[in-house]
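The residues making up each chain are set out below.
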Amino acid sequence: MKFWAQAVFNICVLFGAALVTWYEGSAIRMNPWEWKYSAHFSQMFHGEVHTETDILAIDHFIYAAKFKPFFPLIMAGCILHLIVLTGFGLLKKEAKKPALYLSLLGVSLFICSGIVFQSPASGLKLFSAFFLITGIACILMALLIKSPFYQNRISEKFIS
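What counts, and where the lines are drawn
- Residues numbered from 1 in each chain as written.
- Predicted model: local features only at pLDDT ≥ 70, side-chain atom pairs only at ≥ 80, totals over all residues.
- Heavy atoms only, no water.
- Helix = DSSP H or I, 4+ residues; strand = E, 2+ residues; numbered from the N terminus.
- Buried < 20%, exposed > 50% of the residue type's maximum accessible area, 1.4 Å probe, protein only.
- Phe/Tyr/Trp six-rings, centres within 6.5 Å; stacked < 30°, edge-to-face > 60°.
- Lys NZ or Arg CZ within 6 Å of the ring centre and 35° of its normal.
- Expected span 1.5 Å × (residues − 1).
- Contact = heavy atoms within 4.5 Å.
- Patch = residues over 30% accessible without salt bridge, like charges linked within 9 Å, V, L, I, M, F, W, Y side chains within 5 Å.
- Areas by Shrake-Rupley, 256 points an atom, 1.4 Å probe, with all protein chains shown as cover.
- Salt bridge = Lys/Arg side-chain N within 4 Å of Asp/Glu carboxyl O.

**Regarding the environment of methionine 141**
- On the secondary structure map, methionine 141 appears in helix H7 (residues 122-146).
- Methionine 141 sits in the partly exposed class, given a relative accessible area of 41%.
- Sequence-wise, methionine 141 and serine 113 are 28 residues apart; in three dimensions their C-alpha atoms are separated by 18 Å.

Here it is, written out as structure tokens:
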């Protein structure tokens, strides 16, 4: 029951944050000088962006992440929580796999942090810090899961 309550709440928050992010990112349509730097997906599908109708909805999210990162960060946190929640839901009966899962997730977050670290936009620097901090947290949680204290608690829970 806890799994589904967390998942449903998380999806509702994610949906609300996505709507606000999409709205905030729609400001890209009124800033033609930013199309070259923020309309990456539109450029991939349409080539050079000439009018605001050429801009795809996904580019709204990129623009919002660069210039108004609060709700995009909430979206990223919700997605990350859903990834962790799903992984633990699938691996809860396995002894060693949750630690490996968190380790791989932590490394993936480090890579994401490195990718957006080079951006001059202040919003993407926040994303880089978010990915770095959550990557460190995932690695620390993996180490905690592998610790003897945690292993003793798990064996007590399943034995009794």
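**Regarding the packing of aromatic side chains**
- Per the stated rule, a full pass over the model turns up 5 aromatic pairs.
- Centroid distance phenylalanine 3 to tryptophan 4: 5.0 Å. Interplanar angle 85°. Geometry classified as edge-to-face.
- Relative accessible area serves as the criterion here: at 57%, tryptophan 4 is assigned to the exposed category.
- Look at phenylalanine 127 and phenylalanine 131: their rings are 5.9 Å apart centre to centre, the planes differ by 55°, and that puts the pair in the tilted class. Remark: phenylalanine 131 and phenylalanine 127 occur in helix H7; sequence separation between them is 4 residues, near one turn of the helix. Take phenylalanine 127 and phenylalanine 131: they sit in the same class, and that class is buried.
- Looking at lysine 125, its charged tip hangs above the ring of phenylalanine 117, at a distance of 5.9 Å from the centre.

**Re helix H1 (residues 2-25)**
- Spanning 24 residues, H1 covers 34 Å between terminal C-alpha atoms, matching the ideal 34 Å at 1.5 Å per step.
- Within H1, burial applies to Ala7, Asn10, Leu14, Ala17, Ala18, Thr21, Glu24 and Gly25.
- Elements that come into contact with the buried residues of H1 comprise helix H4 (58-67) and helix H5 (70-91).

**Some thoughts on a nonpolar patch on the surface**
- A surface patch of nonpolar side chains, about 750 Å² in accessible area, is lined by Val107, Phe110, Ile111, Ile115, Leu132, Ile136, Leu140 and Leu143.
- Residue placement: leucine 143 occurs in helix H7.
- Exposure remark for leucine 143: the relative accessible area of 55% places this residue in the exposed category.

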